[in-house]
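# Results of the structural survey
Chain residues, written in single-letter form:
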Amino acid sequence: MFHTTFYLRRLHSLCGLFALGMVLFEHIFTNSMAMFGPEALNGSLAMMELIPKPIFLGLEVGGIAVPLLFHGIYGIYIALQAKNNPERFGYVRNWNFTLQRWTAWYLVVFLIWHVGYLRFYVKGVTGTPISYELLQNFFTSSPLVTVLYILGMFAAIFHFCNGITTFCMTWGITKGPRSQNVISAVSMGLCAMLCLVTLAFMGSYFV
């Protein structure tokens, strides 16, 4: 018997881990260049422009957009079925389960705003290339923009890092409580490190 839900959930976890992970690490690495000044970030952005446009577009659509859309749409279906109750069961894993759903809802809105404005409007419609100066003006234009972007990055980081733990459990990589606790601790350590890097490069735009 073909268990559709079984395979959809595994495809969902694969798309989330690799597509979101690829986008997240690329964004953090590229933006971290801002800590070394405008020339470093603009140079890093210029290197990405060297990729032939058909290849770059293919990567954006096939490697990022389609997997993330599937992960998001099917993730909404899963989230609507979930029963979150952290007040009654105050365990760390239950809180992580709940935060995974909350960050997912925030990311849906955040990505529509972030991608819609910077990728489609600024870069696509106006034809303005992304640069240090543009991002600095964008992030420093309003405290609300800064806070919303930092929260969006934190949500993506937690969602991805906690997703590592759930991925390992879903795929049977960590079967026992001890191995699950180890991978959870490592994932949350990675989460803290990436959040600190995010604060560092965001802060550099205000120096």
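Up top is the structure these notes are about.
A brief structural summary. All of these numbers come straight from a predicted model, not from anything done at the bench. (Residues numbered from 1 in each chain as written. Predicted model: local features only at pLDDT ≥ 70, side-chain atom pairs only at ≥ 80, totals over all residues. Heavy atoms only, no water.)

### A word on the overall build of the chain
If you tally the helices and strands in the chain, you get seven helices and zero strands. For the chain, the sequential pattern of α-helices and β-strands runs α-α-α-α-α-α-α. Taken over C-alpha atoms, the radius of gyration comes to 18 Å for the chain, in line with the 17 Å a tight globule of 207 residues would show. A principal-axis box enclosing the C-alpha atoms of the chain has dimensions of 50 × 40 × 25 Å. Counting the 207 residues in the chain, one finds 37% classified as buried. For the chain, long-range pairs separated by at least 24 residues make up 74% of all intrachain contacts whose partners lie at least 6 apart in sequence. Accessible surface computed for the chain: about 12,300 Å², of which carbon and sulfur atoms make up 73%. Of the charged side chains in the chain, 11 are positive and 6 negative; the average position of the first set lies 24 Å away from that of the second. (Helix = DSSP H or I, 4+ residues; strand = E, 2+ residues; numbered from the N terminus. Rg over C-alpha atoms; globule rule 2.2 N^0.38 Å. Buried < 20%, exposed > 50% of the residue type's maximum accessible area, 1.4 Å probe, protein only. Contact = heavy atoms within 4.5 Å. Areas by Shrake-Rupley, 256 points an atom, 1.4 Å probe, with all protein chains shown as cover. Lys, Arg positive; Asp, Glu negative; His and termini not counted. Charge placed at Lys NZ, Arg CZ, Asp CG, Glu CD.)

### Regarding helix 5 (residues 132–140)
Among all positions of helix 5, only Y132, L134, L135, F138 and F139 are buried. Seen from one end, helix 5 has its buried residues packed into an arc of 160 degrees, which puts them on one side. Looking at the buried positions of helix 5, the neighbouring elements they touch are helix 1 (4–32), helix 2 (38–49), helix 4 (92–125), helix 6 (143–170) and helix 7 (177–204). (Arc of directions from axis to C-beta.)

### Description of the pattern of salt bridges
Counted under the stated rule, the structure contains two salt bridges. With its nearest N and O atoms 3.3 Å apart, the salt bridge here joins K123 to E49. Taken together, the residues K123 in helix 4 and E49 in helix 2 connect sequence positions 74 residues apart. E60 is paired through a salt bridge with R119; the nearest N and O atoms lie 2.9 Å apart. Of this pair, E60 sits in helix 3 (residues 53–81) while R119 sits in helix 4, and the two are 59 residues apart along the sequence. (Salt bridge = Lys/Arg side-chain N within 4 Å of Asp/Glu carboxyl O.)

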